[in-house]
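Inside the fold
For reference, the chains in residue letters:
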Amino acid sequence: MRLRFGGRLAISFLFLLALFLLIQSYLIHSLKKPFLLSSFVGVLIVLPVAYLIFRFMTQPIRVITELANRIASGNGTKGLPLHREDELGRLAKAIDEMRLQLQRKIEEISEEKDYLQALLGGIMEGVLVIDAKGRIVMVNQALRQLLSLPPGIEMRTPIEVIRNAELEETLQRVVQSGKGATLELVLPSAQEKTFEVNVVGIPSSPAETGKEDETRRGAIALFHDITRLKELEKIRQDFVANVSHELRTPLTTIKGYAETLLEGALKEEVAYQFVQVIKKHSDRLEKIVQDLLMLSKIESRQFRLQMEPLSVLDLVNSALSFLREAIDKKMMTVSVEHIPPALQVCGDQKYLEQVLINLLDNAVKYGRDGGKIFVSANQKGQEEVEISVKDDGIGIPKEDLSRIFERFYRVDKGRSNELGGTGLGLSIVKHIVQAHGGRVWAESQPGQGSTFYVTLPLHFPS
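Okay, so let's go over this structure. In this text the structure is predicted, and so the values were computed from the model without any measurement. Here the residue numbering is sequential within each chain, running from 1 through the sequence in written order. Local features in this predicted model are restricted to residues whose pLDDT is 70 or higher, and side-chain atom pairs enter the listing and the counts only when it is 80 or higher, whereas totals over whole chains, interfaces and linings include all residues. The side-chain numbers reported here are obtained from all heavy atoms of the structure, hydrogens and water having been left aside.

1. Digging into the overall build of the chain
Condition: Secondary structure is summarised from DSSP: a helix means a run of H or I of at least four residues, a strand means a run of E of at least two, and numbering begins at the N terminus for each. Buried means the residue's accessible area, taken with a 1.4 Å probe over protein chains only, is under 20% of the maximum for its type, while exposed means over 50%, and partly exposed covers the values in between. By definition in these notes, contact holds between two residues if any of their heavy atoms fall within 4.5 Å.
Looking only at helices and strands, the chain has 13 helices and twelve strands in total. Classification of the 462 residues of the chain by burial places 38% in the buried group. Intrachain contacts of the chain at a sequence separation of at least 6 include 62% that bridge at least 24 residues.

2. Some words on the nonpolar core
Counted only if it meets this: Take the buried residues of types Ala, Val, Leu, Ile, Met, Phe, Trp, Tyr and Cys, join any two whose side-chain atoms come within 4.5 Å, and each joined set is a nonpolar core.
With 50 residues, the main nonpolar core has Val-312, Val-345, Leu-359, Leu-360, Ile-373, Ile-404 and Phe-452 as its most contacted residues. For this core, the secondary structure elements donating two or more residues are α8 (271–299), α9 (312–322), α11 (349–366), β9 (372–380), β10 (384–391), α13 (425–435), β11 (439–444) and β12 (450–457). With nine residues, α11 is the single largest residue contributor to this core. Sequence-distant contacts of Val-312, defined by excluding residues within four places in its chain, comprise Ile-339, Leu-343, Gln-344, Val-345, Ala-377, Val-385 and Ile-387. Judged by nonpolar contacts, the second largest core, of 25 residues, contains Leu-128, Leu-147, Val-175 and Phe-195.

3. Quick word on a negative patch on the surface
For clarity, the cut-off: The patches described consist of residues with a relative accessible area above 30% and no salt bridge, like charges being joined within 9 Å and nonpolar side chains (Val, Leu, Ile, Met, Phe, Trp, Tyr) within 5 Å. For accessible areas, the Shrake-Rupley method is used with a probe of radius 1.4 Å. Any residue's cover is judged against the shown protein chains and nothing else. Basic side-chain nitrogens of Lys or Arg form a salt bridge, by our definition, when they fall within 4 Å of a carboxyl oxygen of Asp or Glu. His residues and chain termini do not enter the charge count, which takes Lys and Arg as positive and Asp and Glu as negative. To locate a charge, the coordinates of NZ of Lys, CZ of Arg, CG of Asp or CD of Glu are taken.
On the surface, Glu-107, Glu-108, Glu-111, Glu-112 and Asp-114 cluster together into a negatively charged patch. With respect to the helices, strands and loops of the structure, Glu-107 is situated in helix α3 (residues 87–122).

4. A word on the sheet that holds β9
Spelled out, the test is: Pairing between two strands is assigned when DSSP locates at least 2 bridges connecting them. Between N-to-C directions, angles span 0 to 180 degrees; the directions come from axes that are lines fitted to C-alpha atoms, helices contributing only their stretch in contact.
The strand order across the open sheet formed by five strands is β7-β9-β10-β12-β11, and the pairing between neighbours is mixed. Only two strands of the sheet have a single partner each, and these edge strands are β7 (333–337) and β11. Averaged over all neighbouring strand pairs, the angle between strand axes comes to 15°, with direction disregarded. Summarising the sheet, β10 and β12 pair through seven bridges and their orientation is antiparallel. Residue pairing across strands places Val-389 opposite Phe-452, the latter belonging to β12. With respect to the sheet, α13 is in contact with β11 and β12, its orientation differing from that of β11 by roughly 140°.

5. Details of the pattern of salt bridges
Scanning the model with the defined rule gives eleven salt bridges in all. A salt bridge links Glu-184 to Lys-230; the shortest N-O distance between them is 3.4 Å. You can see Glu-184 sitting in strand β3 (residues 181–187) and its partner Lys-230 sitting in helix α7 (residues 227–262), a full 46 residues away along the chain. Notably, a salt bridge pairs Asp-392 with Arg-368, separated by 3.1 Å at the nearest N-O pair. Of this pair, Asp-392 sits in the loop between β10 and α12 (413–419) while Arg-368 sits in the loop between α11 and β9; the two residues are 24 residues apart in sequence, bridging distant segments of the chain. With a relative accessible area of 48%, Arg-368 lands in the partly exposed category.

6. Some remarks on α13
Residues of α13 that are buried: Leu-426, Ser-427, Ile-428, Val-429, His-431, Ile-432 and Val-433. Packed against the buried residues of α13 are α8, α11, β11 and β12. One or two residues past the end of α13 sits Gly-437, with phi positive at roughly 85°.

7. Re helix α2 (residues 35–72)
Every α-helix carries 3.6 residues per turn, so stepping three or four residues along brings you back to the same face. Keep this limit in mind: Expected helix span is computed as 1.5 Å times (number of residues minus one). Two axes define the bend at a residue: one fitted to the seven residues ending there, one fitted to the seven starting there, and the bend is the angle between them.
For α2, spanning 38 residues, the distance from its first C-alpha to its last is 51 Å, which sits close to the expected 56 Å at 1.5 Å a residue. If you look at α2, its biggest bend is around 40°, right at Thr-58, and the proline Pro-60 turns up within four residues after that.

8. Some thoughts on the packing of α11 against α13
What counts is decided by this rule: The hand of a helix crossing depends on one turn: near helix anticlockwise from the far one by less than a right angle means left-handed, and clockwise means right-handed. Classes in brief: Ala, Val, Leu, Ile, Met, Phe, Trp, Tyr, Cys and Pro nonpolar; Asp, Glu, Lys and Arg charged; the others, Gly included, polar.
Viewed as axis vectors pointing N to C, α11 and α13 meet at an angle of 145°, and their least axial separation amounts to 9 Å. For the pair α11 and α13, the sense of crossing is left-handed. When α11 is examined against α13, the residues Tyr-351, Gln-354, Val-355, Asn-358 and Leu-359 are found in contact with a partner set consisting of Gly-425, Leu-426, Ile-428, Val-429, Ile-432 and Val-433. Split into classes, the residues belonging to the contact of α11 with α13 amount to eight nonpolar, three polar and no charged.

9. Here we look at the environment of Val-127
Following the sequence through the fold, Val-127 ends up in strand β1 (residues 126–131). Between the alpha carbons of Val-127 and His-224 there is a distance of 9.2 Å; along the sequence they are 97 residues apart.

10. Notes on the sheet that holds strand β5 (residues 218–225)
Reading across from one edge, β2-β1-β5-β4-β3 is the order of the five strands in this open sheet, with antiparallel pairing throughout. If you trace the sheet from one side to the other, it starts and ends with β2 (136–139) and β3, each paired once. The sheet shows a mean angle of 25° between the axes of neighbouring strands, taken without regard to direction. Note: strand β4 (residues 193–202) against β5, eight bridges, orientation antiparallel. Looking at the pairing, Gly-201 lines up with Ala-219 of β5. Relative to β3, helix α6 (residues 165–177) is tilted by about 160°, and along the sheet it contacts β1, β3, β4 and β5.

Right, here's the structure in full:
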């Protein structure tokens with residue numbers, strides 16, 4: 001049967017005492033030395049032996065202490081090289097088992113943290129996490145980019161970083177009450193972006209549940225960037241308002257003239273003029289409906305292009321022949337510059353002719369009488385051809401350039417209505433060019449004319 005540590009300690013003490021008495025007795029009785037001298041010599045001999053014995057016996061305690069210190073410092077990866085059956089052995093086993101369980105827990109927490117970081121990193125929405133004191137615990141990369149946040153913002157309050165009192169109040173309210181909240185924020189610091197922010201509380205741990213004055217452990221705010229949705233909503237509202245206006249104007253005119261004719265003007269000389277006005281506005285309504293149907297067709301999933309190699313020069317000449325009457329009426333001249341006869345693009349002939357007709361028609365309408373229109377095309381790199389249509393008309397203000405390709409958007413509404421446009425021509429151009437995989441943009445100086453650019457693919461798409 002193995003002795004316990006306490007038994008070993010008692011035996012060691014008795015052994016040292018017996019050794020001391022034996023030495024003392026030998027010196028007094030055999031060598032006739034004085035008692036004090038004998039005792040002193042006995043102590044001198046016993047002390048080194050006692051030191052060696054107690055050092056040997058406490059070595060397991062030092063090993064256990066070293067392991068405990070390593071665990072406390074977070075470096076408890078090595079086990080205990082200690083195999084004993086006494087109290088110290090059981091203590092060593094218990095500490096080693098605690099080390100293994102703690103290591104497993106740390107690995108689990110580390111794996112969960114890595115998983116959470118990967119999950120938050122893959123979320124496109126911004127995530128902000130605060131603790132119960134309202135300090136930032138974590139933000140994901142998406143939120144840093146959305147709000148251009150600097151590094152090292154952890155442990156600061158959201159009001160210091162984002163500078164929005166409404167957000168700060170909502171976060172604090174959710175932390176205190178635990179009830180989720182939703183708010184809409186427009187942040188000037190984020191280039192006037194609009195966010196829908198959903199805030200939810202982080203529940204207390206099971207150990208904290210039921211305590212008095214219980215509060216949440218923090219809150220999570222999810223930032224959805226709805227700037228584009230707001231822009232689309234505004235475009236939709238503008239579209240509905242514009243199309244209603246565009247349809248109401250000719251319909252009101254047609255109805256008024258028709259009622260006048262029905263009230264007795266059919267037999268008067270002005271009847272013919274009234275009918276001409278009705279026909280003119282009916283044609284305009286028909287053109288609006290046709291353009292809307294074309295836009296709808298281009299945007300539909302069933303829209304398909306008949307791609308084939310096309311001569312750029314032939315496309316330009318075909319569009320010019322269609323508009324020859326309008327060009328001659330305004331006594332304008334068209335200069336076709338630097339278009340090699342062999343230059344080709346890959347596209348649908350019908351729709352590309354429509355693109356050039358719309359651009360040239362726009363140049364004729366807004367160019368000055370007797371003015372000039374310049375059409376040119378050249379190859380850009382190995383992938384695309386750039387076509388430009390330039391006029392010397394009234395030009396477009398800088399603030400309107402980014403919106404001229406929107407449906408029904410007009411720079412000068414009064415003059416556009418006078419010229420009979422539907423406000424859909426440039427929007428059709430944009431959608432057709434994008435369907436071909438190209439780009440369209442405009443450059444202009446008020447009073448000096450405008451230049452519209454279109455790029456089209458040189459080869460069939462792979």
